[in-house]
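A structural walkthrough
Listed below are the residues making up each chain.
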Amino acid sequence: MRRFIERHPVWSAITFVVVAVLLWMIFAVWPEWLKDAIGRKKIFLNALFNGVTLGGLYFLVASGFTLIFGLMRNVNLAHGSLYLLGGYIGYSVSNATGSWLLAFPVAFITVGAIGILLQFFVFRRMEGEDLRQTLVTIGISIVMADLMLWYWGGDFYNITPPGWLSGPIETFFVTGLSRSTGDPIFLKYPVVRLVILAAAIVIGVAMWLLLNRTQIGMLIRAGVDDRDMLSATGARIQWVFVGVFAFGAGLAGLAGVVGGTFQTVAPGEDIRFLLASLVVVIVGGMGSITGAAIGAIIIGCAEQFGSVYFPTYAVVLTFLIMVVVLAFRPQGLMGRA
């Protein structure tokens, strides 16, 4: 942080001002002129929380994508199909057993096993051939989409969380004052979204520690930088990459269960989350878990604030952010040049 401030004093000052204003808008009681300008504080806080929790979902999908695409340089455009398959599997398991928690390990293991098959039979035979990987994985995603449509149909499914996660919880964020008594009115927010956000933070921190503080992470990073030299030391880099691919695919399946819990599982969601993952990785930087987290929050908040305050241009805002990042920092916010 200190090094960034020394190198970029202007951007640091701008960031400090933006953060200070945002914190004031979150915790302060809004004056009437601000309500007249942008609406009630409750709408603003709901958009902010929805954006952050949606960013947590995008991070779960994009973190697996950045491991596969950013670190291993495998162009897997079937990643969105893995997300959708995880959502369908989670719905089937939850509906059959009545256990919401059981859906997560089943989806993670099943989709991770499919990731192993993709790495072993597809990507291992096309190393360094980006165009072939792109075309083949597009074909795989189309086939998977048709198979899922054939088996589960075109209905919208929702994974029901357990009773202790249902309903809203009162937070400590003040949305206003009661006109009759003057007492503060606190924001109520769905507890399931907060739990999922906390889980995404835990997974993100664990992934960062794994890649930056363990021997396995050192092998992954060394294999990406110079695979031939690492193989010469006797390390079984192929098995390491298979494990990384399986973990990234499993995260996509896990995210499918999360997405099916507070959104829906339906045909077309695979394309939506593939595009979201691409945008998040481009904004955050390829191969960076921290960048994926920052990019996911930015894109999630942009979508939610756009849909609330200027819904006509909400989609444009997301891609405008990507264009600005590419113009001023082509490697992404946290990517390496």
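Reference entry: report on the structure contained in this document. These numbers come from a predicted model, not from an experiment. Within any chain, residue numbers begin from 1 and follow the written order of that chain's sequence. At least 70 in pLDDT is required for a residue's local features to be given in this predicted model, at least 80 for side-chain atom pairs to be given and counted, and no such filter applies to totals for whole chains, interfaces and linings, which use all residues. Heavy atoms from the whole structure form the basis of all side-chain values; hydrogens and water molecules are not counted.

**A closer look at the nonpolar core**
Rule in force here: Buried Ala, Val, Leu, Ile, Met, Phe, Trp, Tyr and Cys residues that are joined via side-chain atoms within 4.5 Å together make up what is termed a nonpolar core. The cut-offs for exposure are 20% and 50% of the maximum accessible area for each residue type, with area from a 1.4 Å probe on protein chains only; residues under the lower value are buried, those over the upper are exposed, and the others partly exposed. Strands are runs of DSSP state E lasting at least two residues, helices are runs of H or I lasting at least four, and both sets are numbered from the N terminus onward. We call two residues in contact when some of their heavy atoms are within 4.5 Å.
Membership of the largest hydrophobic core comes to 69 residues, with the highest contact counts inside it found for L57 and Y58. With 13 residues, helix α11 (residues 237-262) is the single largest residue contributor to this core. In this structure L57 touches Y83, A255, V258, G259, F262, Q263 and F273, once residues within four positions along its chain are discounted. One finds L34, L45, F49 and F305 within the second-largest nonpolar core, a separate group that totals 14 residues.

**Here's the deal with helix α8 (residues 191-213)**
Test applied: To estimate how far a helix should reach, multiply one less than its number of residues by 1.5 Å.
Over its 23 residues, α8 extends 32 Å from the first C-alpha to the last, a length consistent with the 33 Å expected when each residue adds 1.5 Å. Of all the positions in α8, only V191, V192, R193, I196, L197, A200, G204, M207 and L211 are classed as buried.

**Focus: the packing of helix α5 (residues 79-97) against helix α7 (residues 130-152)**
We count it as follows: Only the stretch in contact is used when a helix axis is fitted, and all axes are lines through C-alpha atoms; the angle between N-to-C directions ranges over 0 to 180 degrees. Roughly parallel refers to an angle under 35 degrees, roughly antiparallel to one over 145, roughly perpendicular to one between 65 and 115, and oblique to any angle outside these ranges. Left-handed describes a crossing whose near helix is turned anticlockwise from the far helix through less than a right angle; right-handed describes the clockwise counterpart. Under the scheme applied, nonpolar residues are Ala, Val, Leu, Ile, Met, Phe, Trp, Tyr, Cys and Pro; charged residues are Asp, Glu, Lys and Arg; polar residues are all the others, including Gly.
Following both chains from N to C, one finds α5 and α7 inclined at 20°, their axes separated by 10 Å at the closest point. By the angle between their axes, α5 is roughly parallel relative to α7. The two elements α5 and α7 meet at a crossing, and its hand is left-handed. Contact residues: α5 offers S81, L82, L84, L85, Y88, I89 and S92, while α7 offers S141, M144, M148 and W152. In terms of residue class, the contact of α5 with α7 is made up of 8 nonpolar, 3 polar and no charged.

**Topic: the packing of α5 against α11**
Taken N-terminus to C-terminus, the directions of α5 and α11 make an angle of 50°; their axes are 7 Å apart at the nearest point. Of the possible angle classes, the one that applies to α5 and α11 is oblique. Every pair of crossing elements has a handedness; the one defined by α5 and α11 is right-handed. Across the interface between the two elements, H79, L82, Y83, G86, G87 and G90 from α5 touch G248, A249, A252, G253, A255, G256, V257 and G259 from α11.

**Considerations on the pattern of salt bridges**
The condition is simple: We define a salt bridge as a contact between a side-chain nitrogen of Lys or Arg and a carboxyl oxygen of Asp or Glu at a distance within 4 Å.
Inspection of every chain in the model, using the stated rule, returns 3 salt bridges. A salt bridge links K35 to E32; the shortest N-O distance between them is 3.7 Å. Here the residue K35 and the residue E32 both occupy positions in helix α3 (residues 32-38), the gap between them amounting to 3 residues, near one helical turn. For K35, a relative accessible area of 30% puts it in the partly exposed group. Taking the relative accessible area as the measure of exposure, E32 reaches 53% and is therefore exposed. We note a salt bridge from R272 to E269, for which the minimum N-O separation is 3.3 Å. You can see R272 and its partner E269 sitting in helix α12 (residues 269-284), 3 residues apart, about one turn around the helix.

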